Every structure is written in C-alpha cells, then in structure tokens.
Amino acid sequence: MRKRYAVPLSLLGTGAATFGYASVIERNWFRLRRVDVPVLPPGRPSVKILHISDAHLTPGRTRLIHWVRALDALEPDLVVNTGDTLAHRDAIGPFLEALGPLLDRPGVFVYGSNDLFSPLFKNPLRYIWRTSKSDYERGRRDPDLPYRELGSSLQAAGWLDLNNRIGRLKVGELDVEFGGIDDSHIDRARYDKIAGPVDPQADVHIGVMHSPEPHNLDRFTADGYDLLLAGHTHGGQVCAPFYGALATNCGIDRPRVKGLHKHRGSWLHVSAGLGTSPKAPIRFCCPPEATLLTLVPR
C-alpha cells in the first residue's frame, strides 16, 4: 500500500512546492534589467528611460509598490508605462503611491486591456495553443475599471497620453517624438490616427504600445520610428528551463517574448512586466522586472 501511493504523493508534493515557489517567491522576486540602445545621432548625450509595464496592481501588493517607488533612485530622464496597470477598481491610489517621485519626471503611457476590464478566470492551458480570449470576445463591451481616472491622474502629473496619439517631450537634452496606440488585444488600436513619416527634426522617435503585434510593429518601423516599446507578454510568465516561453499571448515570435531585439529597421524592447493577473498569480523561470534603457549614439 505504501509503495502504491508513494509516486502520486511525491508528484503532489512536488507540484505543491513548485506552485508555492512560483506564487510566493518568484512572483515577488523583482529584477532590474539594464540595456544600452544605439539609436541616437552621433555626438548626442545619452538618456535613461525607465520602462515599466503590466503591474496588474491590487491594493495589497505592498512589496511591488515599494520596489517600484525605489526605482526613482536610478534618476531616469523618462518613464514609459506600456499598460495593464490596474487589476482592481481601487488600485489607482496605490499605483500613484508606487510611482511617487517618478511622477515628477517626464512620462508617457498607454492602456492595456486590463486597465479597462477587471480580471476573469482564464484557463491557463489556452496560452499554449492560442492567444487568450479577449474581453471583446467574451462580450464585455463596457469597461468596469476606472481607466479614464488613471489617465487623468497621470496627465495631471504632466505625463503624455499616447493612446492613438502623437506627442513630443524634451528628455534630457533631446527632442523626442512619440507615437502611441491603444491596445490592439481588444481592438482599440487606431494606427491610422498617427500614421505618417516621423519628423526628421526630432533627435529620436519612439513608438509606444501595449501588445507587440507584428502588423503594428511593421507600421511603426515603416514610418521611421527608432525604438518601439511594448509589454503584454509577461515574458511568457511560465517558462520551461532550457526552452523559454511556452507562448507569447500575441502574434510575436517566442524568441522575442521579452528583452531587446531588432524589428526590421527599428529596435524593439518588450518588457516581461511587473505583475500577473490576480487570477493567475504565478511566475516560473520568468521573474517580474522593470528595465532601464540607456539610449546611446549609434
């Protein structure tokens, strides 16, 4: 009898230990990634961009809030938030607390689907063979999270709303042109509203989006954007050792699910994100992260 149950009990114990590690330890094991991006004209001074994404914040995530707040010590010249900030209707205050002194720095943002729609349980196995079912497909047409209040709070701090908009900021000593789109994952991206060649008078051109869908990346690149910033993928969230992400939850290929890569004539950085949906609170072989991108001359 003891031998009969030894293997099942061993597997059950291993599974419980793995889930405990993924949900308690790695989900709160925040990392800072640092990369240089050679996009500036020769002779121009470097600037630092803090890229954050996918906080999926709920009021109780105090460790996440304190960790993000401490990032101000990096003294970034610009903060870029690529969406999925909220996971609870009372999370705006905690997110503003997390940003803290970062709000006094130049910043830009776009929304992700989870800024509009509260999280629902989703079968995690769906991610292996297709992208997750969007809230539009589930018939949820009316947002139930206060995304407009989130945007108003960030704009009140001087941050640019780049949801289907073009904007411009002085970042350090650089004149930076931005183009951004709303989340294509719920069919809110309207690239036609920002389409057209970039202004050659700007020092650098940055495209901002939530989900790195290849057809949108192609359009940004064709219009002349130097650097593209996105989130959404969570870096795969659950990865296999020596293999990597099992899926990307969008159209991008697995090798570019996170980090800095080339996309045709542009650089692309995909953030692995800071959080997870409260309905799937695990990370495995894919710690949460923010990235400090230093733009340097080509």
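Residues numbered from 1 in each chain as written. Predicted model: local features only at pLDDT ≥ 70, side-chain atom pairs only at ≥ 80, totals over all residues. Heavy atoms only, no water.

**Some points on the overall build of the chain**
Moving on, step 1. Per the secondary structure count, the chain includes six helices and 14 strands.
Moving on, step 2. For the chain, long-range pairs separated by at least 24 residues make up 75% of all intrachain contacts whose partners lie at least 6 apart in sequence.
Moving on, step 3. As displayed, the chain offers around 13,300 Å² of accessible surface, 54% of which is attributable to carbon and sulfur atoms. (Helix = DSSP H or I, 4+ residues; strand = E, 2+ residues; numbered from the N terminus. Contact = heavy atoms within 4.5 Å. Areas by Shrake-Rupley, 256 points an atom, 1.4 Å probe, with all protein chains shown as cover.)

**A word on unusual backbone geometry**
Moving on, step 1. Look at E75: it is not a glycine, yet its phi comes out positive at around 55°.
Moving on, step 2. With a phi angle near 70°, Q237 is a residue other than glycine that sits in the positive phi range.
Moving on, step 3. Mapped onto the fold, Q237 is located in the loop between β9 (227–230) and β10 (239–240).
Moving on, step 4. For Q237, a relative accessible area of 14% gives the class buried. (Buried < 20%, exposed > 50% of the residue type's maximum accessible area, 1.4 Å probe, protein only.)

**Things to note about the packing of helix α3 (residues 92–99) against helix α5 (residues 147–156)**
Moving on, step 1. Running from N to C, α3 and α5 cross one another at 30°; their axes reach a closest spacing of 10 Å. Overall, the two elements α3 and α5 adopt an arrangement that is roughly parallel. In this structure, α3 crosses over α5, and the sense of that crossing is right-handed. The segment α3 lies against α5, with I92, F95, L96 and L99 engaging E149, L150, S153 and L154.
Moving on, step 2. Considered class by class, the residues forming the contact of α3 with α5 number six nonpolar, one polar and one charged. (Axes fitted to C-alpha atoms, helices over the stretch in contact; angles between N-to-C directions. Parallel < 35°, antiparallel > 145°, perpendicular 65-115°, else oblique. Left-handed = near helix turned anticlockwise from the far one by under 90°. Nonpolar A, V, L, I, M, F, W, Y, C, P; charged D, E, K, R; others polar.)

**Quick notes on the packing of helix α2 (residues 62–70) against α3**
Helices that pack against each other are described as a pair by the angle of their axes relative to one another and the distance between those axes.
Moving on, step 1. Here α2 crosses α3 at 35°, and the two axes come no closer than 6 Å. Counting all contacts with α2, which are made through I65, V68 and R69, the residues of α3 involved are P94, E97 and A98.
Moving on, step 2. Looking at side-chain class alone, the contact of α2 with α3 contains four nonpolar, no polar and two charged residues.

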